Amino acid sequence: SIVSKQYRTAYHFQPPKNWINADPNGPMYHNGVYHLFYQYNPNSSVWGNIHWAHSVSTDLINWAPLDLAIHPTKPFDINGCWTGSATILPGHQPVILYTGMNRDNQQVQNIAVPGNLSDPFLREWTKPDYNPLMTPSDGIHPDMFRDPTTGWRGADGHWRVALGAEISGNGTALLYKSEDFVRWQRADSPLHSSSASGMWECPDFFPVPIEGREGLDTSVNSKDVRHVLKMSLMEPQSDYYMLGTYDETRDIFVPDNAADDYRMWLRYDYGKFYASKTFFDAKKKRRILWGWLNESDTESDDIAKGWAGIQIIPRKIWLDSRGRQLVQWPIEEVESLRRNEVHLHGFELTTGLHEIKGVKGSQADVEVDFELPSLDRADPFDPTRAMDAPKLCSQEDASVRGGIGPFGLLVLASENLEEHTAIFFRVYREQNTAKVLMCSDQRRQSRSSLRPELDKPVYGVFLDMDLEKERKISLRTLIDHSVIENFGGKGRACITARVYPELFLNTSSHLYLFNNGSSSVMISRFQSWGMAKAHLNIKLKDLVIE
Ligand code: FRU
């Protein structure tokens, strides 16, 4: 149908049809090929009958789908093959650990191994009969015991993996240990747990170097690294993470900030984003983050579309130089899709609306630097509102004039602006420091879609940046039909939104810069590109292997 086509992405990964909870499963790089598996319903565009689907790529942008990799066929996974991770064992031997819903509908952990290691695409996966490897016992609830991480090896040479669980109401990353990756034993203490939230889905645990942007293999630990523990909180559906230390003698993760309010934890993305997972890319020595962008339309829309769920553009991630958070940036490969550059230089963004002509507004990559005047005119900040950035974004939306800001982009805008999504910044003054609020408003003054039945939240976050020093706020926005991925402050905060405009079904969509603050802002850089279509479902024989 036209709706199905209009909202399909041109360069964000999705299969030809059906449901994916793109829980990226087992992402890895192996012998020149990137693998992506994902939770897939082969029969319909709503969740159920979960298999592992499999696509391969050599550049993380163009993909070839293969046959389904793991099917629910055995007593230990007959009711579904749920989320899991890949680990590359010594001798370049990839294996997968995944959660099976067994014949009693209990969650158990299984292993799958390549059926033919000499196949460069690892098309066949076999499930040994010694499965399952881990079963819920000793007080573990069989409904809350899933999503094994990639394994890492400690100094003692033993393997470890973490699993998501909820124990006595506490979100928990259970720790299991093994010498041979087959026989596993639960450690006495979990890797970490917290009373600040319930069930942790899809945990992820990995090191990042204190200096530089390189990624590290998952087993690396030394005084030169910090560790990241990420958990997907079912309520509210979002991915949170903590920075801290991995204490190998006690085999526990010690977070820097163990606040007992999950709202104080860090997030990968302050918009729509869930069930993410990283992997170490040995080809380019970087750590790459994948994540699921689920739909914010209705189930009947998904049935009409015949598909639901897409993946983010993979992001390289590293530790910010101040060590307080991670930074994320779309992998450089996506720049190969850039066409038809439009740029502005030294443009003064006065109060008002400025259309950028000549851009393919439904399929674009935009980079802007907003250079600020003196910060004297910034409105005073009310510290009681610090916790609730989204609320601030909705109360002081793009139509509310401020001293500095709101300024930003209007994207996926219809001819007469009946529909558009506003991504904007506002600067506040608190004593001698400035605070930068970043918003993506799908609602209110900016109306991403005229359709009333959609979920149209307002997203917001404060950027952790030193504005006095930098004097510039940067924004990168990837637009792709029904997705808007925003990177504020050079990747220090991300906000991703799903939107379904109705009017550009017939017209093209427009792109604007706007400023609704009383001071003008210098656009010291503006570059935008129309994006070419990626080959998301190419034939395997057309994949170029370097
Ligand atoms: C997260 C999740 C996982 C589970 C899978 C089932 O989206 O609920 O915890 O393994 O999806 O499809």
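This section reports on the structure supplied with the text. Note that the structure is predicted; figures quoted are calculated from it, not measured.

**Observations concerning the overall build of the chain**
Part 1 of the argument: Along the backbone of the chain there are four helices and 39 strands.
Part 2 of the argument: For a compact globule of 546 residues, the expected C-alpha radius of gyration is about 24 Å, and the chain comes in at 23 Å, within 12% of that figure.
Part 3 of the argument: Looking at the chain residue by residue over its 546 residues, the buried ones come to 62%.
Part 4 of the argument: Residue pairs in contact within the chain that sit at least 24 positions apart in sequence constitute 65% of those at least 6 positions apart.
Part 5 of the argument: Per element, the accessible surface of the chain, about 20600 Å² overall, is 48% carbon and sulfur.

**Comments concerning the pairing of strand β31 (residues 404-413)**
Part 1 of the argument: Within β31, ten of the ten residues are buried, which leaves the element mostly enclosed by the surrounding structure.
Part 2 of the argument: Where β31 meets strand β32 (residues 421-430), six bridges bridge the pair, whose relative direction is antiparallel. Note that in β32 the partner of leucine 410 across the bridge is alanine 422.
Part 3 of the argument: Note: β31 against strand β38 (residues 510-515), five bridges, orientation antiparallel. Looking at β38, one finds that leucine 410 is bridged to tyrosine 512.

**Comments concerning unusual backbone geometry**
Part 1 of the argument: Residue proline 236 is reached from glutamate 235 by a cis peptide bond, and omega for that bond is 0 degrees.
Part 2 of the argument: You can see proline 236 is positioned in the loop between β16 (225-233) and β17 (238-247).
Part 3 of the argument: Residues glycine 405 and proline 406 are joined by a peptide bond in cis, for which omega reads 5 degrees.
Part 4 of the argument: With respect to the helices and strands, the residue proline 406 is situated in strand β31.
Part 5 of the argument: Backbone geometry at asparagine 49 places phi at a positive 50 degrees, although glycine is not the residue there.

**Remarks on the packing of aromatic side chains**
Part 1 of the argument: The final tally for this structure, using the stated rule, is 32 aromatic pairs.
Part 2 of the argument: Note on tryptophan 152 and tyrosine 246: the rings are 6.0 Å apart at their centroids and 85 degrees apart in plane angle, and the pair reads as edge-to-face. Pair noted here: tryptophan 152 is in strand β10 (residues 152-153) and tyrosine 246 is in strand β17, with a separation of 94 residues, a long-range link.
Part 3 of the argument: Residue tryptophan 152 is classed as buried on the basis of its relative accessible area of 2%.
Part 4 of the argument: The class for tyrosine 246 is buried, based on a relative accessible area of 6%.
Part 5 of the argument: A cation over an aromatic ring shows up here: arginine 338 above the ring of tryptophan 529, its NZ or CZ 3.7 Å from the ring centre.

**A look at the site of the ligand**
Part 1 of the argument: Contacts to the ligand come from Asn21, Asp23, Gln39, Trp47, Trp82, Thr83, Arg146, Asp147, Glu201, Tyr274 and Trp292.
Part 2 of the argument: In the environment of the ligand, an oxygen atom lies 3.2 Å from a nitrogen or oxygen atom belonging to the backbone of threonine 83.
Part 3 of the argument: In the environment of the ligand, an oxygen atom lies 2.8 Å from a nitrogen or oxygen atom belonging to the side chain of arginine 146.
Part 4 of the argument: Alone, the ligand offers 310 Å² of accessible surface; in the complex the protein occludes 92% of this.
Part 5 of the argument: Mapped by element, the contributors of at least two residues to the shell around the ligand are β1 (18-30) and β5 (81-89).

**Observations concerning the state of the cysteines**
Part 1 of the argument: Applying the stated criterion to the full structure yields one disulfide.
Part 2 of the argument: One disulfide in the model links cysteine 393 with cysteine 439; its S-S distance is 2.1 Å. On the sign convention where negative is left-handed, the bridge of cysteine 393 and cysteine 439, at about -80 degrees about the S-S bond, is left-handed. Here cysteine 439 lies in strand β33 (residues 433-441) and cysteine 393 lies in helix α3 (residues 389-395), a separation of 46 residues in the sequence.

**Remarks on the sheet that holds strand β22 (residues 307-308)**
Strand pairing in a sheet relies on backbone hydrogen bonds. The paired strands run either parallel or antiparallel.
Part 1 of the argument: If you walk across this open sheet you meet the five strands as β4-β3-β2-β1-β22, and the pairing is mixed. One side of each edge strand has no neighbouring strand; the edge strands of this open sheet are β4 (64-65) and β22.

**Section: the pattern of salt bridges**
Part 1 of the argument: What the rule picks out here adds up to 35 salt bridges.
Part 2 of the argument: Across the salt bridge formed by lysine 127 and aspartate 77, the nearest N and O atoms sit 2.8 Å from each other. With lysine 127 in the loop between β8 (125-126) and β9 (145-146) and aspartate 77 in the loop between β4 and β5, this pair connects stretches of sequence that are 50 residues apart. Each member of the pair, lysine 127 together with aspartate 77, is buried.
Part 3 of the argument: The shortest N-O distance in the salt bridge between glutamate 332 and lysine 284 comes to 2.9 Å. Pair noted here: glutamate 332 is in the loop between β25 (326-330) and β26 (338-344) and lysine 284 is in the loop between β20 (274-281) and β21 (286-293), with a separation of 48 residues, a long-range link.
Part 4 of the argument: Given a relative accessible area of 48%, glutamate 332 falls into the partly exposed group.
Part 5 of the argument: Where salt bridges share partners, they join Glu335, Arg338, Asp365, Glu367, Arg476 and Arg525 into one cluster.

Conventions and cut-offs
Residues numbered from 1 in each chain as written. Predicted model: local features only at pLDDT ≥ 70, side-chain atom pairs only at ≥ 80, totals over all residues. Heavy atoms only, no water. Helix = DSSP H or I, 4+ residues; strand = E, 2+ residues; numbered from the N terminus. Rg over C-alpha atoms; globule rule 2.2 N^0.38 Å. Buried < 20%, exposed > 50% of the residue type's maximum accessible area, 1.4 Å probe, protein only. Contact = heavy atoms within 4.5 Å. Areas by Shrake-Rupley, 256 points an atom, 1.4 Å probe, with all protein chains shown as cover. Pairing = 2+ DSSP bridges. Phe/Tyr/Trp six-rings, centres within 6.5 Å; stacked < 30°, edge-to-face > 60°. Lys NZ or Arg CZ within 6 Å of the ring centre and 35° of its normal. Near = heavy atom within 4 Å. Polar contact = N/O pair within 3.5 Å; in protein donor to acceptor, adjacent residues only side chain to side chain. Disulfide = S-S within 2.5 Å. Salt bridge = Lys/Arg side-chain N within 4 Å of Asp/Glu carboxyl O.

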